[in-house]
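What follows is the residue order along each chain.
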Amino acid sequence: MFSLFCLLTDRTPKCSFLGTILPNITSQPGSASYVGQEANYWSNQQAETLPACRVQPQSALDVSASLLITKFFRCPFAVKSGGHAAFAGASNIQSGLTIDLANLNIVQVSEDRTLTQVGAGNRWGEVYSQLDPLQLSVIGGRVASIGVGGLTLGGGISFFSGRHGWACDGVRNYQVVLADANIVDVNEQSFPDLYFALRGGGNNFGIVTRFDLETFPQGDMWGGMRIYPITANASLLTELYNFAKNAPSDPDAALIVAFAYYEGEYLASTDIEYAKPIVNPPIFNELMAIGSLTSTMRITNLTDLVEELNVANPSGLREFYTTATFRNDPNLQSKILEIFMSEVTGIKDAEGILPALIFQPITKDIISYFSKNGGNALGIAESDGPLILMNIAIMWSSSVDDDRITAAANRAVDQSVALAKFMNLDYKYIYQNYASQGQDVFAGYGAVNQQRLIGISKKYDPEQVFQRLQPGYFKLSN
Ligand SMILES: Cc1cc2nc3c(=O)[nH]c(=O)nc-3n(C[C@H](O)[C@H](O)[C@H](O)COP(=O)(O)OP(=O)(O)OC[C@H]3O[C@@H](n4cnc5c(N)ncnc54)[C@H](O)[C@@H]3O)c2cc1C
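Residues numbered from 1 in each chain as written. Predicted model: local features only at pLDDT ≥ 70, side-chain atom pairs only at ≥ 80, totals over all residues. Heavy atoms only, no water.

Per an unreviewed UniProt entry, the protein chain carries the name FAD-binding PCMH-type domain-containing protein and comes from Lepraria neglecta. Comment text from UniProt for the protein chain, heading Sequence similarities (unreviewed entry), reads "Belongs to the oxygen-dependent FAD-linked oxidoreductase family." (UniProt positions renumbered as here; feature names shortened; annotations may be inferred.)

And the structure:
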């Protein structure tokens, strides 16, 4: 009977068998649990993607069994952690099997308080709310509902990156279900090549069921959001430039500068964070002197800060993310803002639209951690820094506007990159966690790292299960 399923061309029948094999963890279309899980994606494009069935494994063994069965039936699959990837098919799959890791949610601190085992289905808000009372923390996301899985496998910018690098640099050990369904521990000693690959390699190498994260003492901190009139743009970009350059002098500091069109007007904003409970640390003197319309700067804990940013990023809308990386130059960033505004002009009538242009520094102190424990796969050298990461993030309400909004955002990136090339300020890196579907993320890691990742994929996944049977997100094989 099973082989008959494999011969069927329509995916649905061969994927919905899972309910009979793993009934306790499988949800079929129409069931309350299926509907509830589908509502747990950030973007509507992902929530509207309808798998033949969904599984919610309770253990690494369940993940292994699900992978074995899906391979046997050659049923295409997707893996979901926090479901925050924006585009359809990234962590959900039409008529295939979606493996939803939400129930892999342990947060277990080691006795010596230097390591936290974090189940791959956790969201960062849940992790921090358990670590804050212990006065401990890990390197993770800055918005409560982002998943541990996707953020960490793509890189992972944290408020603590100046002192510890990106989230991938803080993983001491990955528990992974490999393509042959074996469950292995991957770390610098056991599988150093795979350990390298998982630090930036996305969903190409296995299904990570647990991340063992370096853990450090962390008490209250200072931070919050400030909103400015758009006329502050030049001063803010000058301070972004200065911060990117000077940040190594104070690795406790973190900064995001953003520009957005909201209800008929442009506004600017900053997220300023400092990892100690110190109000107005000197590194932010000039920035704090720029007059703001509103400010939530306060001493608080990490859980509170990531909850605040969660409110600014609601789910249930249509979403588009795209990105590019540039050299640190306020003149370039100012011209990119002009390009962004010009493209927004053509789409600002779209229902519920909120387009944002976000700049974040990748400072030299952050990059210095990219070579830790044998190095990550991102391909950024300390001598390349400081860099400025650009993210265009647009939310809107109606699918009628999808095409023109994504076209405008793509044009804004293309024009910005062309201008940067002309000014000799371009840089190859494309951040996986902010990239749009068509962007060539792994080419941006450099040819050497890209080839190395392809070789590691072939070694651990000779049948190329994670390339062929899991088509969504950024593939090495593309
Ligand atoms: C509101 C918002 C705020 C953000 N803030 C930050 C931030 O502070 N820092 C930052 O760096 N990025 C940030 N991002 C980007 C974010 O890191 C990416 O969207 C990331 O992919 C989200 O991870 P997720 O687990 O929620 O997504 P998912 O959609 O669940 O997963 C993304 C991809 O990773 C794969 N994947 C997930 N878990 C596993 C696993 N355990 N094993 C194998 N593959 C897996 C999935 O298959 C999918 O292809 C933000 C995004 C949003 C929308």
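**Student:** Help me get a handle on unusual backbone geometry, residues and values and all.
**Tutor:** In the segment running from Gly-385 into Pro-386, the intervening peptide bond is cis, with an omega of -5 degrees. Among the structural elements, Pro-386 can be located in the loop between helix H15 (364-368) and strand S19 (387-396). A positive phi angle, near 60 degrees, is found at Gln-135, a position not held by glycine. With respect to the helices, strands and loops of the structure, Gln-135 is situated in the loop between helix H7 (124-131) and strand S7 (136-137). (Helix = DSSP H or I, 4+ residues; strand = E, 2+ residues; numbered from the N terminus.)

**Student:** I'd like a rundown of the site of the ligand, residues and numbers included.
**Tutor:** The full set close to the ligand counts 34 residues, and Val-79, Ser-91, Arg-142, Ile-157 and Tyr-431 are the nearest of them. In the environment of the ligand, an oxygen atom lies 2.8 Å from a nitrogen or oxygen atom belonging to the backbone of Ser-81. Among the secondary structure elements, those contributing two or more residues to the shell around the ligand are strand S3 (77-80), helix H8 (148-154) and strand S10 (207-214). Top contributing element to the shell around the ligand by residue count: H8, with four residues. Considering only residue class, the shell around the ligand consists of 17 nonpolar, 15 polar and two charged. (Near = heavy atom within 4 Å. Polar contact = N/O pair within 3.5 Å; in protein donor to acceptor, adjacent residues only side chain to side chain. Nonpolar A, V, L, I, M, F, W, Y, C, P; charged D, E, K, R; others polar.)

**Student:** Quick one: what's the story with empty space enclosed by the protein, residue by residue and with numbers?
**Tutor:** Enumeration according to the criterion identifies two cavities of 30 Å³ or more in this entry. If you add up the space inside the largest cavity, you get close to 160 Å³. Every element with two or more residues in the lining of the largest cavity is listed here: helix H9 (161-164), strand S13 (253-262), strand S14 (265-274), strand S18 (354-362) and H15. In terms of residue count, the dominant contributor to the lining of the largest cavity is S13 (four residues). (1 Å grid on protein atoms, 1.4 Å probe; cavity = no way out; pocket = protein on both sides within 12 Å on 5 of 7 lines; lining within 4 Å. Points joined across faces, edges and corners; volume = space filled by probe spheres on them.)

**Student:** So what about the domain arrangement of the protein chain? Which residues, and what values?
**Tutor:** Per the domain assignment, the segments of the protein chain are domain 1 (2-101), domain 2 (107-217 + 447-468) and domain 3 (221-443). In this structure, domain 2 and domain 3 have C-alpha centres spaced 24 Å apart. At the interface, 39 residues of domain 2 touch 40 residues of domain 3. Of the roughly 3300 Å² buried between domain 2 and domain 3, counting both surfaces, carbon and sulfur atoms make up 55%. Counting the surface domain 2 buries against domain 3, the share from its top three residues, Phe-159, Arg-163 and Trp-166, is 22%. Along the contact surface separating domain 2 from domain 3 lie two salt bridges. Here Lys-372 ties to Glu-214 by a salt bridge, and the two come within 2.9 Å at their closest N and O atoms. There are 22 residue pairs in polar contact (both at pLDDT 80 or more) connecting domain 2 and domain 3. Counting only elements with at least two residues in the side of domain 2 that touches domain 3, the list comes to H7, H8, H9, helix H10 (192-198) and helix H17 (447-460). (Domains from an automatic or database assignment. Contact = heavy atoms within 4.5 Å. Buried area = accessible area lost by both parts, 1.4 Å probe. Salt bridge = Lys/Arg side-chain N within 4 Å of Asp/Glu carboxyl O.)

**Student:** Give a description of the sheet that holds strand S5 (residues 107-109) that names residues and reports values.
**Tutor:** Taken together, five strands build an open sheet; the order of strands is S5-S6-S10-S8-S9 and the sheet is antiparallel. At either end of the open sheet lies a strand with only one pairing partner, and these are S5 and strand S9 (183-187). On average, adjacent strands in this sheet sit at an angle of 20 degrees to one another, irrespective of strand direction. Of the strand pairs in this sheet, strand S6 (residues 115-119) and S10 are connected by five bridges, and their pairing is antiparallel. Note that in S10 the partner of Thr-116 across the bridge is Leu-213. (Pairing = 2+ DSSP bridges. Axes fitted to C-alpha atoms, helices over the stretch in contact; angles between N-to-C directions.)

**Student:** Can you tell me about the UniProt feature "domain: FAD-binding PCMH-type" (unreviewed entry) in the protein chain, naming the residues and giving the values?
**Tutor:** UniProt records the feature "domain: FAD-binding PCMH-type" (unreviewed entry) at residues 47-218, using the numbering of this structure. Between the first and last C-alpha atoms of residues 47-218 the distance is 36 Å; the span itself is 23% helix and 25% strand.

**Student:** Mind laying out the sheet that holds strand S1 (residues 26-27), listing which residues take part and the relevant values?
**Tutor:** The strand order S1-S2-S4-S3 describes an open sheet built from four strands, whose pairing is mixed. The two strands at the open ends of the sheet, each matched to only one other strand, are S1 and S3. Bridge count between strand S2 (residues 53-55) and strand S4 (residues 97-100): three bridges; the pairing is parallel. Counted as the bridge partner of Val-55 is Ile-99 from S4. Along the sheet face, helix H6 (residues 60-72) touches S2, S3 and S4 and points at about 170 degrees away from the line of S4.

**Student:** Give a detailed account of the packing of helix H14 (residues 330-345) against helix H16 (residues 402-422), specifying residues and quantitative values.
**Tutor:** As a packed pair, H14 and H16 sit with axes 9 Å apart at the nearest point and diverge in direction by 155 degrees. Compared by their axis directions, H14 and H16 come out roughly antiparallel. The handedness of the crossing between H14 and H16 is right-handed. Every residue of H16 that contacts H14 at Leu-332, Lys-335, Ile-336, Ile-339 and Glu-343 is listed here: Ala-408, Arg-411, Ala-412, Gln-415, Ser-416, Leu-419 and Ala-420. For the contact of H14 with H16, the residue count by class is seven nonpolar, two polar and three charged. (Parallel < 35°, antiparallel > 145°, perpendicular 65-115°, else oblique. Left-handed = near helix turned anticlockwise from the far one by under 90°.)

**Student:** Give a description of the packing of aromatic side chains that names residues and reports values.
**Tutor:** When we look at a pair of aromatic rings, we describe it by the centre distance and by the angle of the planes. Applying the stated criterion across every chain, the model contains 23 aromatic pairs. Where Phe-77 meets Phe-466, the ring centres are 6.1 Å apart and the plane angle is 80 degrees; that geometry is what we call edge-to-face. Placement of Phe-77 in strand S3 and of Phe-466 in helix H18 (residues 465-468) is noted, with a sequence separation of 389 residues between them. Relative accessible area serves as the criterion here: at 0%, Phe-466 is assigned to the buried category. Relative to Phe-284, the ring of Phe-243 has its centre 5.6 Å away and its plane inclined at 10 degrees; by these criteria the two rings are stacked. Of this pair, Phe-243 sits in helix H11 (residues 233-246) while Phe-284 is found in the loop between S14 and helix H12 (285-288), placing the two residues 41 residues apart along the sequence. Here Phe-243 matches Phe-284 in class, with each residue buried. An aromatic cluster of at least three residues, connected via ring pairs, comprises Trp-42, Trp-166, Tyr-321, Phe-370, Tyr-429, Tyr-431, Tyr-434, Phe-442 and Tyr-445. A cation over a ring is seen here: Arg-452 above Phe-196, with NZ or CZ 3.6 Å from the ring centre. (Phe/Tyr/Trp six-rings, centres within 6.5 Å; stacked < 30°, edge-to-face > 60°. Buried < 20%, exposed > 50% of the residue type's maximum accessible area, 1.4 Å probe, protein only. Lys NZ or Arg CZ within 6 Å of the ring centre and 35° of its normal.)

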